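# Coordinates in review
Here's the letter readout for the chains.
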Amino acid sequence: PLESLSVGIDITDRKEAEILLKERDRQMQALLEGHKRFVSDASHEIKTPIAGIQGNLEVLLRYPDIPAEEKQEILQDCHREAVRLGRLVSDLLSLARADRGILLLETDVRLDVMLQDLLREFEPLKGNHDLLLGEVAPCTVQGDPERLKQLLVILTENALKYTPAGGEVSLTLAREGDRAILKVQDTGIGIRQEDLPRVFERYFRADSSRLGQDPGGTGLGLPIARWIVEAHGGEIWLESQVGLGTTVVVSLPGCLEM
Ligand code: ADP
């Protein structure tokens with residue numbers, strides 16, 4: 001009986017080891033696939049603005065005598081593309097980090113103070129919008145301060161971007177039990193119901209023609225935002241009505257009053 005017992009253990013051990021190995025292979029494979037997809041998506045996205053800049057500069061080099069107005073337009077185009085490229089590269093770096101799961105979650109972060117700082121920083125960037133701080137409860141979570149700041153910046157930038165001049169963007173922070181509830185609310189163009197489930201997909205951008213001019217974007221902001229929230233054990237969702245506005249809600253666990 002002893003012998004059969006030990007054989008039994010052996011087999012279970014081996015089976016477990018096999019399962020573990022298979023699981024590790026599967027994870028490695030997924031990581032590799034993710035990496036391949038990341039590289040091919042990224043190079044496609046980066047080539048487009050570069051081609052734009054190249055084409056425009058070639059026109060300027062070949063026709064040095066075109067009217068100043070036209071020249072100005074071409075330069076503005078180049079500038080826009082270069083800004084987009086810069087944003088794209090920094091977003092892609094964030095996502096590459098996200099794919100590798102690198103995050104430091106050990107710092108006490110005062111979310112209420114962070115919000116107040118953020119509002120001050122956005123003051124010169126708000127354009128013709130009302131940017132307001134609503135109710136803000138004292139609230140500390142454990143997390144990565146840089147990433148949480150990035151989250152707030154993404155959501156505030158979006159709210160401003162997709163709200164026509166004269167509209168309002170307001171931020172609030174409340175505590176519900178041990179959760180911090182952050183809301184970024186705007187009176188902007190809103191998101192169609194059928195687009196709502198897609199806004200967290202990489203590179204997805206809903207039609208923003210209702211704004212007149214496309215405010216520009218990479219379609220990577222919300223995927224990064226979601227990664228940051230989920231890495232902190234939280235949840236993020238959007239409530240939106242076309243023409244009325246959008247509210248992004250972030251719920252983070254482990255919130256202390258201090
Ligand atoms: P982008 O760089 O295009 O802003 P995001 O990933 O941040 O990319 O957002 C994806 C899409 O979701 C945007 O292109 C826009 O269509 C929509 N969206 C995001 N935030 C808002 C908002 N506050 N109001 C209306 N639409 C929004």
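Below, the structure is looked at part by part. (Residues numbered from 1 in each chain as written. Predicted model: local features only at pLDDT ≥ 70, side-chain atom pairs only at ≥ 80, totals over all residues. Heavy atoms only, no water.)

Enumeration over the complete set of coordinates arrives at 10 salt bridges. Residue Glu235 is joined to Arg179 by a salt bridge in which the shortest nitrogen-to-oxygen separation is 3.8 Å. With Glu235 in strand S6 (residues 235-241) and Arg179 in strand S5 (residues 179-186), the pair connects residues that are 56 residues apart, well separated along the chain. Among the residues examined, Arg179 registers a relative accessible area of 23% and is labelled partly exposed. Overlapping salt bridges bring together Arg192, Glu194 and Asp195 as one network. (Salt bridge = Lys/Arg side-chain N within 4 Å of Asp/Glu carboxyl O. Helix = DSSP H or I, 4+ residues; strand = E, 2+ residues; numbered from the N terminus. Buried < 20%, exposed > 50% of the residue type's maximum accessible area, 1.4 Å probe, protein only.)

So, on to helix H4 (residues 145-161). For H4, spanning 17 residues, the distance from its first C-alpha to its last is 24 Å, which sits close to the expected 24 Å at 1.5 Å a residue. Turning to H4, its buried residues number three or more, namely Arg147, Leu148, Gln150, Leu151, Leu152, Ile154, Leu155, Thr156, Asn158, Ala159 and Leu160. Of the residues flanking the start of H4, the one acting as N-cap is Asp144, its side-chain oxygen 3.1 Å from the backbone nitrogen of Glu146. (Expected span 1.5 Å × (residues − 1). Polar contact = N/O pair within 3.5 Å; in protein donor to acceptor, adjacent residues only side chain to side chain.)

Bringing the site of the ligand into the picture now. Close to the ligand lie 19 residues, the nearest being Asn158, Tyr162, Arg205, Thr218 and Leu222. In the environment of the ligand, an oxygen atom lies 3.2 Å from a nitrogen or oxygen atom belonging to the backbone of Gly221. The separation between a nitrogen atom of the ligand and a polar side-chain atom of Thr246 is 3.4 Å. Taking 530 Å² as the accessible area of the ligand by itself, protein coverage stands at 97%. In terms of residue class, the shell around the ligand is built from 9 nonpolar, 7 polar and 3 charged. (Near = heavy atom within 4 Å. Areas by Shrake-Rupley, 256 points an atom, 1.4 Å probe, with all protein chains shown as cover. Nonpolar A, V, L, I, M, F, W, Y, C, P; charged D, E, K, R; others polar.)

Two pairing modes exist for strands in a sheet, parallel and antiparallel, and in both the strands are linked by backbone hydrogen bonds. Ordered by their spatial adjacency, 5 strands build an open sheet running S2-S4-S5-S7-S6, and the pairing between neighbours is mixed. For this open sheet the edge positions go to strand S2 (130-136) and S6, each flanked by a neighbour on one side alone. The sheet shows a mean angle of 15 degrees between the axes of neighbouring strands, taken without regard to direction. Strands in contact with helix H3 (residues 111-122) are S2, strand S4 (168-176), S5 and strand S7 (245-252); relative to S2, the strand with the most contacts, it is inclined by about 170 degrees. Contacts between H4 and the sheet are confined to S2, S4, S5, S6 and S7, with S5 contributing the most and set at about 25 degrees to the helix. (Pairing = 2+ DSSP bridges. Axes fitted to C-alpha atoms, helices over the stretch in contact; angles between N-to-C directions. Contact = heavy atoms within 4.5 Å.)

Contact geometry of H3 with H4 gives a least axis separation of 11 Å together with a crossing angle of 45 degrees. Overall, the two elements H3 and H4 adopt an arrangement that is oblique. Considering the relative orientation of H3 and H4, their crossing is right-handed. Residues Leu111, Met114, Leu115, Leu118, Glu121 and Phe122 of H3 form the contact with H4, whose own contacting residues are Pro145, Leu148, Lys149, Leu152, Val153, Thr156, Glu157 and Leu160. Looking at the contact of H3 with H4 residue by residue, the class counts come to 10 nonpolar, 1 polar and 3 charged. (Parallel < 35°, antiparallel > 145°, perpendicular 65-115°, else oblique. Left-handed = near helix turned anticlockwise from the far one by under 90°.)

Counting 49 residues, the largest nonpolar core has Leu111, Leu148 and Leu155 as the members making the most contacts within it. Of the residues forming this core, the biggest block, 7 residues, is contributed by H4. If we ignore the near neighbours within four places in the chain, the residues touching Leu111 are Cys139, Val141, Leu148, Leu173, Ala180 and Leu252. (Core = buried A, V, L, I, M, F, W, Y, C linked by side-chain atoms within 4.5 Å.)

Time to look at the pairing of S7. When you tally the buried positions in S7, you get 8 out of 8 residues, the bulk of the element. Side chains Gly245, Thr247, Val249 and Ser251 project from S7 onto one buried face, and the interleaved Thr246, Val248, Val250 and Leu252 project onto a second face that is buried too. The pairing of S5 with S7 spans 7 bridges and is classified as antiparallel. Counted as the bridge partner of Asp186 is Thr246 from S7. Two elements, S6 and S7, share 7 bridges in a ladder whose sense is antiparallel. Of the residues in S7, the one forming a bridge with Ser240 is Thr246. Between S6 and S7, which follow one another and run antiparallel, lie 3 residues, and Gly243 among them has a positive phi close to 85 degrees.

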